[in-house]
Every structure is written in C-alpha cells, then in structure tokens.
Amino acid sequence: MVLEGNPEVGSPRTSDLQHPENQGSCVLSSPSEDAQPGEEPIKYGELIVLGYNGCLASGDKGRRRSRLALNRRPHANGVKPDVMHHISTPLVSKALSNRGQHSISYTLSRSHSVIVEYTHDSDTDMFQIGRSTENMIDFVVTDTSPGGGAAEGPSAQSTISRYACRILCDRRPPYTARIYAAGFDASSNIFLGERAAKWRTPDGLMDGLTTNGVLVMHPAGGFSEDSAPGVWREISVCGNVYTLRDSRSAQQRGKLVENESNVLQDGSLIDLCGATLLWRTPAGLLRAPTLKQLEAQRQEANAARPQCPVGLSTLAFPSPARGRTAPDKQQPWVYVRCGHVHGYHGWGCRRERGPQERECPLCRLVGPYVPLWLGQEAGLCLDPGPPSHAFAPCGHVCSEKTARYWAQTPLPHGTHAFHAACPFCGAWLTGEHGCVRLIFQGPLD
C-alpha cells in the first residue's frame with residue numbers, strides 16, 4: 001500500500017471541501033453551549049419536507065418527521081479534509097477500517113483508489129439526511145408520492161439514498177449553511193464505487209456525484225412576496241455546483257457553475273430523488289405566517305358566513321385538529337376550473353370524463369369538483385395573505401402569492417422530468433395556471 005500525503009489538500013480549497021463528522025442525535029432540542037438556562041438554542045434553520053402539510057400521516061416521531069430544526073450543537077462535530085492517499089485496492093478495506101477516521105474513498109479502477117482523510121474542525125456542525133434509520137442520520141426522510149400518498153415506512157423501491165446528503169453549518173455568525181451530496185456511513189466513510197461519476201479537479205483534488213444526485217434550487221429574490229423560481233443545479237460530494245446531467249443517474253457530469261455556491265438561502269429547495277425539502281432561515285421564518293395567524297384567517301373566513309349559491313347552506317372550513325378526514329356537511333367544495341365555491345352536492349356528474357368531473361351550475365364549466373382544505377404548514381407560505389386561492393386539482397388553500405409561486409416552480413420527478421406540485425400534499429398541478437382564485441358567495445341576509 002502506498003500512502004502519499006498531499007499537503008495541498010485542505011489548503012487553498014479547504015472551505016470548498018469541508019466535510020463535518022456525523023453525530024446521531026436528534027437536534028430538535030439540542031442546547032447550545034452558549035445558551036443560558038431557559039434561553040432558546042441558536043438555530044441555523046429548519047428543513048420542511050414538501051407534501052405533508054405540517055405532520056406525517058402517522059405522526060412526527062423522533063428523527064422521522066415532516067419538519068426539523070437544526071440547532072447549534074453542544075460541541076462542534078465538524079471535520080475538514082486533511083491528507084489524500086493513493087491506495088492499492090486489496091488494502092482499501094484495511095485503510096477504511098478505522099471508524100474514528102472520517103474519509104471519502106474514490107475507486108478509480110480495480111487497482112487504484114484515492115482516499116481523502118478528514119480531521120476535526122472546531123468551527124462547524126454537520127447534520128446528515130437520508131433514508132437510513134442508523135444513528136448517524138439526523139433527519140430520516142422517506143419517499144413522498146404525488147397526491148400526499150407518502151411512503152413512510154422502508155421501501156424496497158425507494159430512490160432516496162440511505163446517506164443522501166449532509167449540511168455543514170458555521171458555528172459563528174452569520175451561521176452560514178452549506179450542502180454536500182452524500183453522508184458518512186456507520187464506519188465514518190463515504191464510498192464512491194468504480195461506476196460512480198468521479199473525477200480529479202484541476203487543482204489535483206477529487207470530487208464526485210452520488211447515484212441519483214442531490215439537486216438544489218435557490219429562488220430568485222429570496223423566499224418572499226417577490227420570489228421567482230431559480231434554476232435547478234446538482235451539488236457534488238465536495239459541495240461544488242454543476243448543471244444537471246442528461247438524466248438523474250447518467251455517468252457524465254454537467255458543467256461546473258463557477259459563479260454559484262452550495263450556500264443555502266431562505267427558500268432553497270433540496271431534492272433527494274424521492275422527496276423534496278425546503279430550507280428556511282430563522283430570519284425567513286420570522287416573516288412567515290404563524291399557526292396562530294393561519295387559525296385567525298380560518299376563523300375570519302368562517303365569520304364571513306360564505307354560502308353555497310345553490311343549496312344556500314352556510315359553509316365553514318374545518319378545524320385543523322380534525323385532520324383531513326371525510327368532509328363534513330359544512331365543508332366548502334370548489335370547481336377547480338372556474339373557482340366557484342359550493343357546498344357538497346351530487347348533481348352535475350360527467351361519468352364519461354371521470355368520477356370527479358362535474359359541471360358548475362353557475363358557469364357550466366366542466367372539471368374536477370373537490371373539497372377545500374387549508375394549507376397548515378406555515379413555513380411553505382411566502383406571505384401571511386388571506387386564503388384566496390386553491391391548488392388544482394387537490395383543493396389546498398393558501399394566499400395568492402404562495403399559490404402562484406408554487407404553481408410555477410417545477411419540482412424534479414423521476415430521472416429527468418419536472419412537474420409543478422402542491423407543496424402541502426405533493427399532488428401534481430393541472431390546468432392552465434395550476435391554481436384558481438376562489439369565488440365565494442356571501443350571505444343573502
């Protein structure tokens with residue numbers, strides 16, 4: 001075995017290649033070493049999984065939940081690149097047997113591997129995300145199916161990697177968060193096999209991509225009322241930014257995008273090929289509506305006593321505590337093509353077009369007729385505006401700017417497709433605009 005120490009690793013490009021150590025503790029309530037008793041811990045940000053509307057169907061439990069706060073750890077667990085070794089393959093397993101030594105192994109051929117070792121970094125914290133339930137994974141994420149049918153248990157068909165990605169956070173202000181593809185396994189290693197896309201960089205270092213890739217999209221204009229979707233990119237194992245491959249698992253990497261970085265911004269989307277996560281910063285969350293505000297909007301909407309224009313019954317949005325069960329008698333329903341809101345009725349069916357196709361009695365447009373449900377994941381909302389629009393065809397209700405933003409945001413699907421989806425349930429959006437303005441009728445008295 002030939003061990004060639006490379007002193008250049010970790011010098012000029014150290015900041016681009018920092019890879020922190022894994023630590024298997026749920027970080028929802030991890031206190032900071034600087035926090036005084038009774039004080040809130042320093043928060044780096046929060047991750048929200050699209051498609052769950054505030055809670056997993058089976059309930060948020062431990063590291064498996066729809067939303068996770070990343071807080072400053074009591075002690076730094078970061079690592080950074082130290083030495084690069086060229087090793088003959090028969091001895092690779094011996095070189096990787098030290099569980100206390102973090103490393104990334106790049107298999108170049110049957111007779112040649114490159115291993116980059118990492119050393120402790122007291123300035124960073126790292127949080128790992130993936131499908132594995134092993135202790136080194138801080139946030140366990142499973143596949144989300146379109147329409148809110150979430151596969152929350154282990155699935156043999158899952159396309160999410162067991163060690164999908166890791167987020168590195170600076171422990172000092174401004175607490176910058178950076179994302180990297182792949183996470184360290186139980187042996188503190190990241191292993192890129194012979195078939196994985198990998199290459200030597202111009203400065204002599206190594207980099208690579210995971211099988212299904214980690215895609216990131218930073219919104220233009222931040223995550224606010226003026227936001228617009230950005231461009232999807234792929235993040236490498238070392239945190240560099242590339243254009244997308246021809247297909248999700250293609251061997252040929254995209255082009256390096258030198259003027260973009262892996263720094264997460266408020267509203268950045270992270271796609272793990274099976275689930276998409278939204279990153280919210282503490283400052284961004286302060287601008288987002290609170291659950292109390294959403295409840296106040298629900299009560300205000302109900303206080304207006306909207307009525308069914310045909311049955312003349314009073315309509316009311318159900319309480320979030322009731323959950324998304326069978327609609328009750330006061331549940332508002334909408335024709336998603338025109339936006340006219342009614343109470344439930346059984347007429348107007350167009351069986352030849354499908355069981356949900358109905359003809360609106362007011363304007364005669366034919367289309368899906370679905371119950372309305374308020375979006376309850378406040379972190380997905382761009383503004384605290386009134387619930388005036390509904391996604392088509394699922395019927396989730398939110399503000400106009402929130403609806404229009406998500407309706408024009410393409411989310412990765414499969415190996416090379418993109419499709420706009422409801423952020424609250426994951427249903428693919430249909431129609432010309434993907435959402436519709438709700439038209440309520442007030443009380444006649």
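To start, this report covers the structure provided alongside it.

What counts, and where the lines are drawn
- Residues numbered from 1 in each chain as written.
- Predicted model: local features only at pLDDT ≥ 70, side-chain atom pairs only at ≥ 80, totals over all residues.
- Heavy atoms only, no water.
- Salt bridge = Lys/Arg side-chain N within 4 Å of Asp/Glu carboxyl O.
- Helix = DSSP H or I, 4+ residues; strand = E, 2+ residues; numbered from the N terminus.
- Buried < 20%, exposed > 50% of the residue type's maximum accessible area, 1.4 Å probe, protein only.
- Contact = heavy atoms within 4.5 Å.
- Core = buried A, V, L, I, M, F, W, Y, C linked by side-chain atoms within 4.5 Å.
- Expected span 1.5 Å × (residues − 1).
- Arc of directions from axis to C-beta.

## Observations concerning the pattern of salt bridges
- A full pass over the atoms with the stated rule returns 15 salt bridges.
- As a salt-bridge pair, Glu225 and Lys401 come within 3.0 Å of each other at their nearest N and O atoms. Of this pair, Glu225 sits in the loop between strand 13 (214-217) and strand 14 (232-235) while Lys401 sits in helix 4 (residues 400-407), and the two are 176 residues apart along the sequence.
- Judged by relative accessible area, Glu225 falls into the partly exposed class, the value being 41%.
- Here Arg233 makes a salt bridge to Glu260, at a shortest N to O gap of 3.0 Å. Here Arg233, found in strand 14, pairs with Glu260, found in the loop between strand 15 (241-242) and strand 16 (269-271); they are 27 residues apart in sequence, far enough to count as distant.

## Observations regarding helix 4
- For helix 4, the set of buried residues is Thr402, Ala403, Tyr405, Trp406 and Ala407.
- On the buried face of helix 4, the contacting elements are strand 13, strand 16, strand 17 (276-280), strand 23 (389-391), strand 24 (396-398) and strand 27 (435-437).

## Things to note about the nonpolar core
- Ranked by size, the top nonpolar core spans 30 residues in total, and within it Leu47, Ile129, Ile167, Ile179, Ile270, Leu272 and Leu277 carry the most contacts.
- Broken down by secondary-structure element, the contributors of at least two residues to this core are strand 1 (43-49), strand 2 (67-71), strand 6 (124-130), strand 8 (165-170), strand 9 (177-181), strand 13 and strand 17.

## Focus on helix 3 (residues 291-303)
- Here helix 3 contains 13 residues, and its C-alpha end-to-end distance of 18 Å stays within 8% of the 18 Å for a straight helix at 1.5 Å per residue.
- Every buried residue of helix 3 is accounted for by Leu294, Gln297, Arg298 and Asn302. Summarising the axial view, the buried residues of helix 3 lie within an arc of 135°, below the 170-degree limit, and thus occupy one face. Facing away from the buried side of helix 3, by more than 90 degrees, are the exposed residues Lys292, Glu300 and Ala303.
- Looking at the packing, one finds that the buried side of helix 3 touches strand 22 (373-374).
- Positive backbone phi, at 55°, marks Arg305, one or two positions downstream of helix 3.

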